[in-house]
Amino acid sequence: MCPMAASSAPGSSSRHRSRGSLGPVWLCLLLLLSACVPITGTNPGIMARLTRRALEFGQRFGMELLQSLLQKEHELNLEGSYHLPLLGTLTYTVPRIHIQDLQMSNSSVDFAEDVGLRLMVQGARIRLSAEWGARLGAVQDSGSLELHVQDLAVAAVLGVSADADGRPAVWSAGCDARGTDLRLEFHGGHSWLYNLLAHPLQGTLQRELNKQLCIKFHKGVFKLEDALKQMKVSTQLDSFVAIDHSLLGQPAITAEHGDIAIKGEFFRAHKFQQRPSLALPGALPVALPVAQETMLVVAVTDFVANSAAFAYFTAGALRRNISSAVLLRRFPVQLKTQSFGLFTPQLQERFPDQPMELQVWARRQPLFSCRPDAVHGALFGSAEAFVLLPNGTRVPAFLLDIDANVTGKPIITGNRLGATMSLKGLKVTEVTSHVGPVEVQKLETLLSLGLRLFGVPRANKWLQARVPLPTPHGLRLLNPRLSLQEGFMLITTDLQHEP
């Protein structure tokens, strides 16, 4: 049934702009790869779990990003005054600072239960420089300064949730920065005088530095929040369907992992579709059957597969015209009246040695379920045979219902998804015939033999490592494993950075 997806429904392709040729690939693979269980409407089609190992992996890149953000020139606009006995009031300004060196070797990222992520930095060292200006009465002065901070500690919490449209949302849930060992040196101008006053100024600068570190964190969170608001909650895969990958509520965060519930529903592009009663995702077990802790765990229910099947079916994508040029010459049944005359003698008598054509389509939505041994599928098709006369006329010959039971096993090769499939059963039923009775039992036997010998191996070759797995830029899956469970497919993997 999968090859049906290769053609477009009449009149459909002109109404939708295609964004690639993944239609049949997504159909065949996702129908095999996604499978499983009945449930209530708020359950996710896809559940992604990030573990502490994933946070440890991301910590290094997060620290590098933080350092790159901080090691730049930053507006400070620090202004203040200090009363000098006998001399009067000294006013000073520090318009901007530049962080010259930042070392944060002792840092950690953990889950903040029910909130989000917690970043801890201890024993950090920072060296920064700045320009300064001062006025004492009518005397103006300027120069530079260096500030050395030892034993700097920063604790910040990033809250994670979802907005009303299912986009991820973040907020600053807390920040505290404390530097307990600060040394200040003035250069240029009357630095000898200001260095005498450095000790009382160090406290002011220390407080301002602590505040500025958290202000930078808050600003970074605001920028991330604005970027997340622009994220799409659905992606059109081809001219027929799109997938809704919005979040179903706030991520469930414990001390050990964070679970992200994703809707994972396919729908017809640019068209409202009534959800079929069977397409309600099933509840995943609270404890996922993971043999060992990996960085990422993804569970996919058969809601995803069945919603894809329903979307492609209602979009008219599961149709195809088959001519003699498509069939292998070794296939036991050829599209000629002479070949089909073995099953309906009147056909060859009325149209001797004429070419034929088949119109094949899904008369019902394919159904899929995931079990530990394989993904099981039920395909419901119809095929109408036509005789092609020399004058170009297509004469209807007979209409058959062809139903098949298949099993499939998804596989992961590197960063690509693939599958292998097997034909478990085939049933052919005559619906109507304009050329006398059709010996469906004999046709069914030969068709089943031909599909097993030629059709299935050809489909398996086509399905091998067809779809690249979506991964963030610069990351690839490391030692991914895929297992089938009762009601869902489970992918466990580590991540590797590729510059």
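Residues numbered from 1 in each chain as written. Predicted model: local features only at pLDDT ≥ 70, side-chain atom pairs only at ≥ 80, totals over all residues. Heavy atoms only, no water.

Undergrad: Before we move on, could you go through the pairing of strand S6 (residues 139–162) and cite the residues and values that matter?
TA: Two faces make up the sheet, and in a regular strand the side chains alternate between them. In this structure, strand S5 (residues 116–136) lies alongside S6, joined through 18 bridges in antiparallel fashion. Residue Leu-117 lies in a different strand from S6, and its bridge partner there is Leu-158. The turn joining S5 and S6, which pair antiparallel and follow one another in sequence, is formed by two residues; a positive phi near 65° is taken by Gly-137. Of the strand pairs in this sheet, S6 and strand S7 (residues 168–187) are connected by 18 bridges, and their pairing is antiparallel. Following the sheet pairing, Val-154 is matched in S7 by Ala-177. (Pairing = 2+ DSSP bridges. Helix = DSSP H or I, 4+ residues; strand = E, 2+ residues; numbered from the N terminus.)

Undergrad: Hey, could you go over the sheet that holds strand S1 (residues 46–51) for me, with residue numbers and the actual values?
TA: Read from one edge of the open sheet, six strands run S10-S11-S1-S13-S22-S21, paired in antiparallel fashion. The sheet is open, and its two borders are formed by strand S10 (252–253) and strand S21 (475–485), each paired with just one other strand. Across six bridges, the pairing between strand S13 (residues 296–301) and strand S22 (residues 488–497) is antiparallel. Across the sheet, the residue bridging to Ala-299 is Leu-490, located in S22. Relative to the sheet, helix H5 (residues 302–314) contacts S1 and S13, its axis offset from that of S13 by approximately 50°. (Contact = heavy atoms within 4.5 Å. Axes fitted to C-alpha atoms, helices over the stretch in contact; angles between N-to-C directions.)

Undergrad: Outline the side chain of Gln-334, supporting the account with residue identities and numerical values.
TA: Looking at where Gln-334 falls in the secondary structure, it is placed in the loop between strand S14 (319–322) and helix H6 (337–340). Of the polar contacts made by the side chain of Gln-334, one reaches the backbone oxygen of Arg-329; its length is 3.4 Å. Aside from chain neighbours lying at most four places away, what touches Gln-334 is Leu-327, Leu-328, Arg-329, Ser-339 and Phe-340. (Polar contact = N/O pair within 3.5 Å; in protein donor to acceptor, adjacent residues only side chain to side chain.)

Undergrad: Account for the side chain of Ser-161, naming residues and giving values.
TA: Its location among the elements puts Ser-161 in strand S6. Ser-161 gets classed as buried once you look at its relative accessible area, which sits at 15%. (Buried < 20%, exposed > 50% of the residue type's maximum accessible area, 1.4 Å probe, protein only.)

Undergrad: Explain the packing of aromatic side chains residue by residue, including any values.
TA: Tallied over the entire structure, the rule returns five aromatic pairs. Centre to centre, the rings of Phe-340 and Phe-398 are 5.7 Å apart; their planes meet at 45°, and the pair counts as tilted. Of the two residues, Phe-340 sits in helix H6 while Phe-398 sits in strand S18 (residues 394–413), which places them 58 residues apart along the sequence. Accessibility assignment for this pair places Phe-340 and Phe-398 in one class, buried. Put simply, the rings of Phe-340, Phe-343 and Phe-398 pair up and form one aromatic cluster. One residue, Arg-364, lies across the ring of Phe-380, its end atom 3.9 Å from the ring centre. In this structure, Arg-394 packs its charged tip against the face of Phe-386, placed 4.1 Å from the ring centre. (Phe/Tyr/Trp six-rings, centres within 6.5 Å; stacked < 30°, edge-to-face > 60°. Lys NZ or Arg CZ within 6 Å of the ring centre and 35° of its normal.)

All we've got here are geometric facts, nothing functional implied.
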